[in-house]
Amino acid sequence: MIKFVLMVNRQGQTRLSRYYESVELNRRAALEADVVRCCLSRKKDQCSFVEYKDFRLVYRQYAALYIVVGVTDSENELSIYELVHNFVEVLDKYFSRVSELDIMFNLDRVHVILDEMIQNGHIVETNKSRILAPLTAIDKMADG
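Residues numbered from 1 in each chain as written. Predicted model: local features only at pLDDT ≥ 70, side-chain atom pairs only at ≥ 80, totals over all residues. Heavy atoms only, no water.

- Going by an unreviewed UniProt entry, the protein carries the name AP complex subunit sigma and comes from Stegastes partitus.
- Entered under Subcellular location (unreviewed entry) in the UniProt record, the comment concerning the protein runs "Endomembrane system".
- Listed in UniProt under the heading Subunit (unreviewed entry), the comment for the protein reads: "Adaptor protein complex 4 (AP-4) is a heterotetramer composed of two large adaptins (epsilon-type subunit AP4E1 and beta-type subunit AP4B1), a medium adaptin (mu-type subunit AP4M1) and a small adaptin (sigma-type AP4S1)." (UniProt positions renumbered as here; feature names shortened; annotations may be inferred.)

Have a look at this one:
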């Protein structure tokens with residue numbers, strides 16, 4: 001099961017966070033700081049799967065952004081690694097080469113995309129067209 005998804009920049013600033021398990025707000029900041037420090041301190045030639053406390057971290061770097069996913073031990077790390085890549089491909093398709101600014105200024109749309117892919121900590125959709133269908137419908141209504 002997926003516990004959380006974080007998107008952070010190289011400076012460690014959180015750009016997106018979605019928790020699928022209840023975590024108190026004051027503990028979230030400490031958890032995010034510790035997780036980000038753990039992932040950003042690793043070298044490029046090191047594995048993208050990290051044992052962290054009672055769960056695993058799967059992370060992937062895209063330009064200046066890191067996407068970090070916390071998962072239980074029963075989750076397949078390679079499938080999560082591919083999910084992260086699929087998420088970025090969907091963002092690229094929607095924003096035409098997504099950037100950190102796209103994420104900052106369209107956070108609601110990024111959350112819609114993530115919610116179409118993951119619900120209650122489980123992967124529910126990977127088809128790019130189906131994931132983008134709600135946003136396409138919203139955009140058509142806004143234009144029309």
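So much for the structure itself; the text now carries on.
### A look at the pairing of strand E2 (residues 14-19)
1) Next: Relative to E2, strand E1 (residues 2-9) runs antiparallel, the two being bridged by five bridges. Residue pairing across strands places Val5 opposite Arg18, the latter belonging to E2.
2) Next: Once E1 ends, the chain turns through four residues before running back antiparallel as E2, passing Gly12 with a positive phi of about 90°. (Pairing = 2+ DSSP bridges. Helix = DSSP H or I, 4+ residues; strand = E, 2+ residues; numbered from the N terminus.)

### So, the state of the cysteines
1) Next: The final tally for this structure, using the stated rule, is zero disulfides.
2) Next: Looking at the unpaired Cys39, the closest cysteine sulfur is the one in Cys38, lying at 5.1 Å. (Disulfide = S-S within 2.5 Å.)

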